[in-house]
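# Results of the structural survey
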Amino acid sequence: MAGIKDFLRLHRPVVVLAGIVLVLTVIPPLDTFLVVGNAWQGILPTFTDELNFARMHTIGEGHLTDGNAYYLEHSDGPPLVLFGGAWLNALPLWAGMSLNSALMLNFIVWSLLFAASVYWLLRELRAPPWGAVSGTILLYLQSYEHVWRPVNLQPVFPFFFLFYAALLRLIREQSRRNVLFLAAMVGAGFYVFAYLWQIAVITLGLLSLYALVRKNWPLLKATLLASLIGGSVGLPVPLYMLWLSHASPYFWESMGRLGLVSSHLPMAEVIYSGGWIGVVLSFLAVLWWRARDLREDEGFIQLATFLSISGLGLWIMQGSNAITGKLLETGEHVRMLILPWLIFATIGIGVFVWKQRARFSRGLRAVAVLVMALLSVVNVYYTYYYFSPFLTAGANREVWQTEQLYVKPFAWLQDHEKKPVVVWSDPHDYLASVLPIYTRDFTLDTFWGMLELAPENEIRERYLISQYFNSPTVADLKSTREMSLYLGRHDLPHEAETINRGVKICRILFFWDTSKNCGSLTTPQELLGDKFFSDLEKRFQTDIKPNIKMYLKKYHVAYILKDKVLDPAYHPEILGAKLVYTDERFELYRLP
C-alpha cells in the first residue's frame with residue numbers, strides 16, 4: 001500500500017492527467033444519454049463523419065485485406081490506401097468483443113496513449129509537469145473529434161507526437177538510443193498514415209540539410225542513419241502503392257474520387273492554417289535578431305532548430321503540390337497536424353520566454369506578450385471549433401433518434417442471414433452507410449464506398465440502380481446533392497476550385513492590366529458539360545431501368561430496405577420483392 005502511495009505522490013501530474021482523460025472519454029456516451037435517453041438502442045450517434053467505422057468492422061468480420069468496407073464485390077480486394085490503425089483497432093473484435101465495446105475500448109486506450117505521448121513531448125520541451133498536463137488537456141480537446149474516430153487519426157496521433165519527441169531528442173543528443181527511437185517512429189509512420197511518413201521524410205531531409213550547412217557531422221550522421229533504418233522498415237508501403245498503381249486498372253480513377261487533381265497552385269489552407277507556422281518562425285527570428293546573447297544559448301538554438309525544422313516540414317508538405325503538381329486534399333489533411341503542432345510550439349516558446357524574460361528588453365518583452373497572447377487565442381479558438389460538435393447543444397437530435405430505429409431491421413437481417421448479403425437502400429440516407437457498420441452485410445450504394453478502390457463506371461452504375469424508384473432527370477443529376485453521390489472529390493469540387501483559384505490569383509497579380517485574359521470562373525457542371533448529364537439520364541432510361549433485375553443480380557442485391565418516411569416513392573413489390581419485415585419506420589423486402 002505504501003508503494004502505491006509513493007508512486008502516486010511521485011507521479012501525481014501523470015496520474016491526474018490520466019484521470020482527467022478518462023473522465024473526458026465519457027463525453028460521447030454521456031451526450032448520447034442526454035440527447036437520446038432511453039430511446040438508445042445501440043447505434044452510436046453521428047457527431048462528425050465517423051461513418052467510416054465500417055473499415056474497422058469489416059476487418060473484424062474477417063475481410064482481412066481491408067478492401068472496400070461497403071461493397072461486397074470488393075470487400076476482400078486490396079485497399080486503396082493503407083491504414084495500419086484499422087487492423088489494430090479490429091483486434092478487440094477478433095477477441096470477441098462487440099463493436100460498441102471495441103469502439104469504446106479503442107477510444108480509451110488511444111486517448112491515454114495520446115495523452116502520454118503529448119505529455120512526454122511537452123516535458124521534452126521543458127514544460128513543467130503541471131504545465132505539461134494543462135497543455136496536454138488543451139491539445140486533447142482540440143483533437144477530440146479525430147481521436148474519437150477509429151480511422152484514421154485516432155491511432156496516428158501518438159506516433160505523430162512521439163516522432164517529434166524523438167526528433168527533439170536527436171537534435172539534443174545523437175546517441176544510439178535516440179537514433180533507434182527516431183527510426184522506429186519514422187518506420188511506423190509509413191504504416192499508419194500516408195501524410196505522416198511524407199512529413200517525416202521532408203523533416204529529416206531538412207534536418208540533414210541543416211546539419212550539413214552547420215557542419216554538424218554527428219547530427220548529420222545520426223539523421224541519415226535514422227532515415228535509412230526507418231525508411232527500410234517503411235519501404236513496403238510505397239512499394240505497395242507503386243505496385244497497386246500498375247496492377248489495378250482503376251487505381252487512378254479511385255485516387256481521383258479521393259480528390260486527386262493536377263495543380264501546382266497550393267490551396268488557400270497553406271495561408272489559413274500554415275500561416276501560423278510562419279508567425280511562430282518569424283517570432284523566433286525576431287528573438288534571434290533582437291536578443292543577440294541568445295545566439296550562444298544552447299537551449300534556444302535547440303528549441304529554434306526543432307520548431308523551425310518541424311514547422312517547415314509540415315508547411316512544405318502542406319504546399320508540396322507546388323513542386324509535385326499533385327494535390328490530394330493535402331491542405332486540409334496536413335492542417336489536422338499543424339494545429340496540434342501550433343499548441344506544443346506555443347507552449348515550448350512560452351516556457352522558454354518566461355524563463356529567459358530577464359534577458360529581454362522592455363520592447364521585446366512587449367512583443368513576446370503580444371505574440372504569445374495571439375497564439376493562445378488562436379489555439380483556444382481552434383480547440384472550441386473542433387470540440388464544439390461534442391457539446392450537446394449542437395447535437396442533431398432528430399438524426400440521432402432516427403439512427404436508433406435502424407436497430408430493428410438490422411437485427412432481423414442478422415438473425416435471418418448468416419452470410420453477408422447486399423441491401424439496397426437510398427444512398428441519400430445515413431441508413432445505407434450505417435448498415436455495413438452494424439451488420440455483416442453490405443450496401444448497394446453509398447458515398448463512402450465511392451472513396452475506395454473500384455471502377456468509375458461501376459460507381460455511376462450503382463448510383464443509377466439505386467435511383468430506380470426516383471427516376472432522376474438531367475436537372476436532378478446536375479444538383480450538387482446528386483452529384484456528390486456519383487462523382488468523386490476530383491470532379492466535385494476540386495477540379496473547378498483549382499481552376500477558379502488560378503483565375504483569382506491571376507486577376508490579383510494582373511489587376512492593373514485589363515487586357516490580361518485570366519480565364520473565367522467555372523463550376524463542376526460546366527466542366528463536365530451538358531452532354532455528360534444527358535448521357536447519364538439516357539443510360540438510366542434506356543439501359544438501367546429496363547434491365548433493373550439483371551443489374552440487381554449483377555451486384556448480388558438480396559434485399560430492399562425502405563424508409564417509409566424518406567422513401568415514399570419506393571414500391572419494391574413491382575420488382576417481385578416480398579415484404580418480410582415491417583415496423584413503424586421501415587419495411588424490408590426480399591428480392592426473388
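The paragraphs below set out a description of the structure included in this document. Just so it is clear, the model here is predicted, and its values are computed rather than measured. (Residues numbered from 1 in each chain as written. Predicted model: local features only at pLDDT ≥ 70, side-chain atom pairs only at ≥ 80, totals over all residues. Heavy atoms only, no water.)

## Things to note about the overall build of the protein chain
Scanning the protein chain from N- to C-terminus turns up 31 helices and 7 strands. Computed over the C-alpha atoms, the radius of gyration of the protein chain is 27 Å, within 12% of the 25 Å expected from 2.2 N^0.38 for a compact globule of 592 residues. A total of 592 residues make up the protein chain; the buried ones form 55% of that total. Taking the contacts inside the protein chain whose residues are at least 6 apart along the sequence as the reference set, 74% of them involve residues at least 24 apart. Counting every atom, the protein chain has about 25800 Å² of accessible surface; 64% of that belongs to carbon and sulfur. When the 51 basic and 48 acidic side-chain charges of the protein chain are each reduced to a single mean position, those positions are 11 Å apart. (Helix = DSSP H or I, 4+ residues; strand = E, 2+ residues; numbered from the N terminus. Rg over C-alpha atoms; globule rule 2.2 N^0.38 Å. Buried < 20%, exposed > 50% of the residue type's maximum accessible area, 1.4 Å probe, protein only. Contact = heavy atoms within 4.5 Å. Areas by Shrake-Rupley, 256 points an atom, 1.4 Å probe, with all protein chains shown as cover. Lys, Arg positive; Asp, Glu negative; His and termini not counted. Charge placed at Lys NZ, Arg CZ, Asp CG, Glu CD.)

## Concerning the packing of aromatic side chains
For the structure shown, the criterion picks out 38 aromatic pairs. Seen in terms of ring centroids, Phe387 and Phe390 are 6.4 Å apart; in terms of plane orientation they differ by 20°. Their pairing is stacked. Each member of the pair, Phe387 as well as Phe390, is classed as buried. For the pair Trp412 and Tyr559, a centre-to-centre distance of 5.9 Å together with 75° between the ring planes defines the contact as edge-to-face. Of this pair, Trp412 sits in helix 22 (residues 407-416) while Tyr559 sits in strand 5 (residues 557-563), and the two are 147 residues apart along the sequence. (Phe/Tyr/Trp six-rings, centres within 6.5 Å; stacked < 30°, edge-to-face > 60°.)

## With respect to the environment of Phe283
Relative to the helices and strands, Phe283 resides in helix 16 (residues 275-290). Here Phe283 falls in the buried class, since its relative accessible area comes to 3%. Residues Phe283 and Ser227 lie 56 residues apart in sequence; the distance between their C-alpha atoms is 30 Å. Once you skip the residues sitting within four places of it in the chain, Phe283 turns out to touch Ile349, Val353, Val367, Ala368, Val371 and Met372.

## Here's the deal with the packing of helix 19 (residues 330-355) against helix 20 (residues 362-387)
Two elements in contact, helix 19 and helix 20, have axes whose closest approach is 10 Å; the angle formed by their N-to-C orientations is 145°. Read as a crossing pair, helix 19 and helix 20 show a hand that is left-handed. Contacts from Arg335, Leu339, Leu342, Ile343, Thr346, Ile349, Gly350 and Val353 of helix 19 reach helix 20 at Ala368, Met372, Leu375, Ser376, Val378, Asn379, Tyr382, Thr383 and Tyr386. Of the residues contributing to the contact of helix 19 with helix 20, the split by class is 11 nonpolar, 5 polar and 1 charged. (Axes fitted to C-alpha atoms, helices over the stretch in contact; angles between N-to-C directions. Left-handed = near helix turned anticlockwise from the far one by under 90°. Nonpolar A, V, L, I, M, F, W, Y, C, P; charged D, E, K, R; others polar.)

## Overview of the environment of Gly84
Considering the arrangement of structural elements, one finds Gly84 in helix 5 (residues 84-94). Among all residues touching Gly84, those that are not within four sequence positions of it are Tyr191 and Val192.

## A word on the sheet that holds strand 4 (residues 442-443)
The sheet built from 5 strands is open, its strands ordered 4-3-5-7-6 with mixed pairing. Pairing within the sheet leaves two strands with one partner each, and these edge strands are strand 4 and strand 6 (578-582). Bridge analysis of strand 3 (residues 422-424) against strand 5 gives 3 bridges, and the strand direction is parallel. Residue Trp424 lies in a different strand from strand 5, and its bridge partner there is Ile560. (Pairing = 2+ DSSP bridges.)

## Some remarks on the state of the cysteines
Under the criterion given, the structure shown has 1 disulfide. With its sulfur 2.0 Å from that of its partner, Cys506 forms a disulfide with Cys518. Note on the Cys506 and Cys518 pair: the S-S dihedral is about -65°, so by sign convention the disulfide is left-handed. Of the two residues, Cys506 sits in helix 28 (residues 490-509) while Cys518 sits in the loop between helix 28 and helix 29 (524-528), which places them 12 residues apart along the sequence. Residue class for Cys506 comes out buried when judged on its relative accessible area of 14%. (Disulfide = S-S within 2.5 Å.)

## Points about a nonpolar patch on the surface
Among the surface-exposed residues, Leu180, Tyr191, Leu225, Leu228, Ile229 and Val233 lie close enough to one another that they form a single nonpolar patch of about 510 Å² accessible area. Elements that contribute at least two residues to the nonpolar patch include exactly helix 10 (176-192) and helix 12 (217-234). Within the secondary structure, Val233 sits in helix 12. (Patch = residues over 30% accessible without salt bridge, like charges linked within 9 Å, V, L, I, M, F, W, Y side chains within 5 Å. Salt bridge = Lys/Arg side-chain N within 4 Å of Asp/Glu carboxyl O.)

## Section: unusual backbone geometry
Each neighbour pair has its own omega, and for Leu492 with Pro493 the value is 15°, a cis peptide bond. With respect to the secondary-structure elements, Pro493 resides in helix 28. With phi around 55°, His556 is a residue other than glycine that occupies positive phi space. Positionally, His556 belongs in the loop between helix 31 (548-554) and strand 5. Assessed through its relative accessible area of 46%, His556 is described here as partly exposed.

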